[in-house]
Amino acid sequence: FSFSGSRIDSDGKPAKFQPPPKPVIIDKQKQREERRFLSPEFIPPRGRTDPLKFYIERKDMIQRRKVFNIPEFYVGSVLAVTTADPYASEKSNRFVGICIQRGGKGLGATFVLRNVIEDQGVEICYELYSPRIQAIEVLKLEKRLDDNLMYLRDALPEYSTFDMNMKPVSRLDSEEIPVNKLQVRMKPKPWSKRWERPKYNIKGIKFELPEKKMKEAQKWSQPWLEFDMLREYDTSKIEEKIWKEVSEALQK
Amino acid sequence: MMPIWTKSGKKHAVTLLKVQDCHVLRYISKEESGGKTSKLLVGGKNASPFSKSESAMEIFKEAGVPRKQKVTTFNVTDDAIIKPGTPLYAAHFRPGQFVDVTAKTIGKGFQGVMKRWGFKGQPATHGQTKTHRRPGAISTNKAAKVYRGKKMPGKMGNIYRTSFGLKVWRINTKHDIIYVNGSVPGHTNCLVKVKDSKLPTYKDCNKNPPFPTFFADGDEKLPEDLYDEEIFQFTDPSVTYA
């Protein structure tokens, strides 16, 4: 414990007053605002269609979202979906599964849920804006290393099994979405697709193939693709505009 | 094209057609045209007047309307004649009507016989010498000639075709858009002619349509969206089966 008042430097002169370091304020409110999520089906695809068509479709999508809550979710999150089923005894059907793919744009947007029930893999493709869907619940919100988890079909069934009566995992609003860096172990080859090839660019598989096979798969790589300027589709400005439109309309 | 759901939960695909600056250009009487009914010339989408000759622009000058990209004729009965120069809107059609849509199909250029007429061609292997997509024989020995209209390679597409009996599901009066069931010939943003259906099953389908047409400056104030009875509107809660 030293007296701050009578501090003397090693030189022998009185020490210069050092102001205390500025406190770093982590403003949780600002961080929450910065995180925006725009569902991928709002972004119009590149093409020669009239933007009026996308505007009208967006109005319909926003109208549906006002009445029915479509939560934020990513490929790799576990969802529970209840649909109206005229042939079921309770007239409704509940399915729990991991989202392996989100496809389609506009009102026809779909997502595929996968689960293994009694040793049988089941995949159901639901339309986000279909009126038959009565509830969508996110049981576990997380991202994975890839945008498309179709390789789970050739992975060991333990990676696709989820309990039908799973309880929702609680999480705070301010946290960032966790990325599950799970590397999945596969069944022995042959697989439905050659997932080791660079065109699928899969990071979430633990390849236990010999080095020779992995090198041979790199023969199909197309390194010029990332430099192809015609393939670039910069959606940042479009996303900004659409995000403003959608958030304003939903807040009303 | 867009999906649309009915109240029972069924999905249908729907094409959006926009009525863009349509005006009636001229009235041709029965005697003048020489047909069975009188005709009305209707023009579509506005275009620049500078690339057409003066004589072609006469029709538009008479009607007092900017130059139109496409001009079509409609056969009309005498009680449905409209004064040239009146604008036509999407509200001319109502949900629940049935419609025929005519347009030029997508041009595919010079195509071979397999794509154009659906011929089976020849096998890829087993000794075929230079013959995999050819038509094969074009006539018999006895005929000693090739019949007129023999299916052969040629220019495919870019011809007028009609889809008949398409149901109108929804009309947007603010942007003048007609939602028509199923697909329609032509590429995206091409010009299209929409008529009341000529099929005998839909003869009595139009109950009290706006006759002769929907006039915007009239007394009738329509809501922004007109829906068919069976459509699921997004303002309703989700569908349940009781």
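Report on the accompanying structure.

Calculation criteria
Residues numbered from 1 in each chain as written. Chains lettered and ligands numbered in written order. Predicted model: local features only at pLDDT ≥ 70, side-chain atom pairs only at ≥ 80, totals over all residues. Heavy atoms only, no water. Patch = residues over 30% accessible without salt bridge, like charges linked within 9 Å, V, L, I, M, F, W, Y side chains within 5 Å. Areas by Shrake-Rupley, 256 points an atom, 1.4 Å probe, with all protein chains shown as cover. Salt bridge = Lys/Arg side-chain N within 4 Å of Asp/Glu carboxyl O. Lys, Arg positive; Asp, Glu negative; His and termini not counted. Charge placed at Lys NZ, Arg CZ, Asp CG, Glu CD. Helix = DSSP H or I, 4+ residues; strand = E, 2+ residues; numbered from the N terminus. Buried < 20%, exposed > 50% of the residue type's maximum accessible area, 1.4 Å probe, protein only. Contact = heavy atoms within 4.5 Å. Buried area = accessible area lost by both parts, 1.4 Å probe. Polar contact = N/O pair within 3.5 Å; in protein donor to acceptor, adjacent residues only side chain to side chain. Phe/Tyr/Trp six-rings, centres within 6.5 Å; stacked < 30°, edge-to-face > 60°. Pairing = 2+ DSSP bridges. Axes fitted to C-alpha atoms, helices over the stretch in contact; angles between N-to-C directions.

## Details of a negative patch on the surface
Residue and element names in this part refer to chain B. On the surface, a cluster of negative charge is made up of E31, E32, D78 and D79. Position of E31 relative to the elements: it lies in helix α1 (residues 30-33). Assessed through its relative accessible area of 67%, E31 is described here as exposed.

## Topic: the interface of chain A and chain B
Contact residues are listed per partner, giving 27 residues for chain A and 26 residues for chain B. In this assembly, chain A packs against chain B so that about 2200 Å² is buried in total across both faces, 63% of it on carbon and sulfur atoms. Applying the counting rule to chain A against chain B returns 3 salt bridges. For R170 of chain B, the salt bridge identified is with D60 of chain A, shortest N-O distance 3.1 Å. Counting across the chain A and chain B interface gives 10 residue pairs in polar contact (both at pLDDT 80 or more). Every element with two or more residues in the side of chain A that touches chain B is listed here: α2 (51-67) and β5 (133-140) of chain A. Ranked by the residues each element gives to the side of chain A that touches chain B, the list is headed by α2 of chain A, at 10 residues.

## Regarding the environment of W169 of chain B
Residues and elements named next belong to chain B. Tracing the chain through its elements places W169 in strand β10 (residues 160-172). Through-space distance from the C-alpha of W169 to that of T15 is 9.9 Å; in sequence the pair is 154 residues apart. In this view, W169 contacts I4, T6, H12, V14, P95, Y179, N181, L226, Y227, D228, E230 and I231; residues no more than four positions away in its chain are not counted. A distance of 3.4 Å separates a polar atom in the side chain of W169 from a polar atom in the side chain of N181.

## Some thoughts on the side chain of R102 of chain A
Residue and element names in this part refer to chain A. Mapped onto the secondary structure, R102 falls in strand β2 (residues 92-103). Within the structure, the side chain of R102 is placed 2.9 Å from the side chain of S39, a separation counted as a polar contact. Here F73 takes part through its backbone oxygen, which lies 2.7 Å from a polar atom of the side chain of R102.

## Some details on the packing of aromatic side chains
Residues and elements named next belong to chain A. Within the structure shown, the criterion is met by 10 aromatic pairs over all chains. Considering the side-chain rings of F111 and Y126, the 5.8 Å spacing of their centres and the 35° angle between planes classify their relative orientation as tilted. Separated by 15 residues along the polypeptide, F111 in strand β3 (residues 110-117) and Y126 in strand β4 (residues 120-127) bring together distant segments of the chain. Relative to W195, the ring of Y151 has its centre 6.3 Å away and its plane inclined at 75°; by these criteria the two rings are edge-to-face.

## Focus: the sheet that holds strand β4 (residues 38-43) of chain B
All names here are of chain B. In spatial order, the strands read β5-β4-β3-β6; together these 4 strands make up an open sheet with antiparallel pairing. Of all strands in the sheet, those with a lone pairing partner are β5 (71-76) and β6 (87-88), marking the two edges. As defined by bridge partners, strand β3 (residues 22-28) adjoins β6 across 2 bridges and the pair is classed as antiparallel. Following the sheet pairing, H23 is matched in β6 by P87. Together, β3 and β5 form the strand contacts of helix α2 (residues 54-63), whose direction differs from that of β3 by roughly 100°.

## Examining the pattern of salt bridges
All told, the structure shown has 16 salt bridges over all chains when counted by the stated rule. Between E240 of chain A and R36 of chain A there is a salt bridge; the shortest N-O distance is 3.4 Å. Here R36 of chain A lies in the loop between α1 (28-34) and α2 and E240 of chain A lies in helix α4 (residues 236-251), a separation of 204 residues in the sequence. Residue class for R36 of chain A comes out partly exposed when judged on its relative accessible area of 45%. One salt bridge connects E127 of chain A with K11 of chain B, and the closest N-O pair in it is separated by 2.9 Å. Of this pair, E127 of chain A sits in strand β4 while K11 of chain B sits in strand β2 (residues 11-18), which puts the two residues in different chains. With relative accessibility at 44%, the residue K11 of chain B sits in the partly exposed group.

## Looking at the sheet that holds β4 of chain A
Sheet strands associate in pairs through backbone hydrogen bonding, adopting either a parallel or an antiparallel arrangement. Residues and elements named next belong to chain A. Overall, antiparallel pairing links the 5 strands, which are arranged β4-β3-β2-β1-β5 in an open sheet. The open sheet has two edge strands, β4 and β5, and neither has a second partner. Within the sheet, the average angular offset between the axes of one strand and its neighbour, ignoring direction, is 35°. The sheet contact formed by β2 and β3 spans 5 bridges and is antiparallel. Opposite G103, over in β3, you have T110 as the bridge partner.

Nothing here speaks to function; it is geometry throughout.
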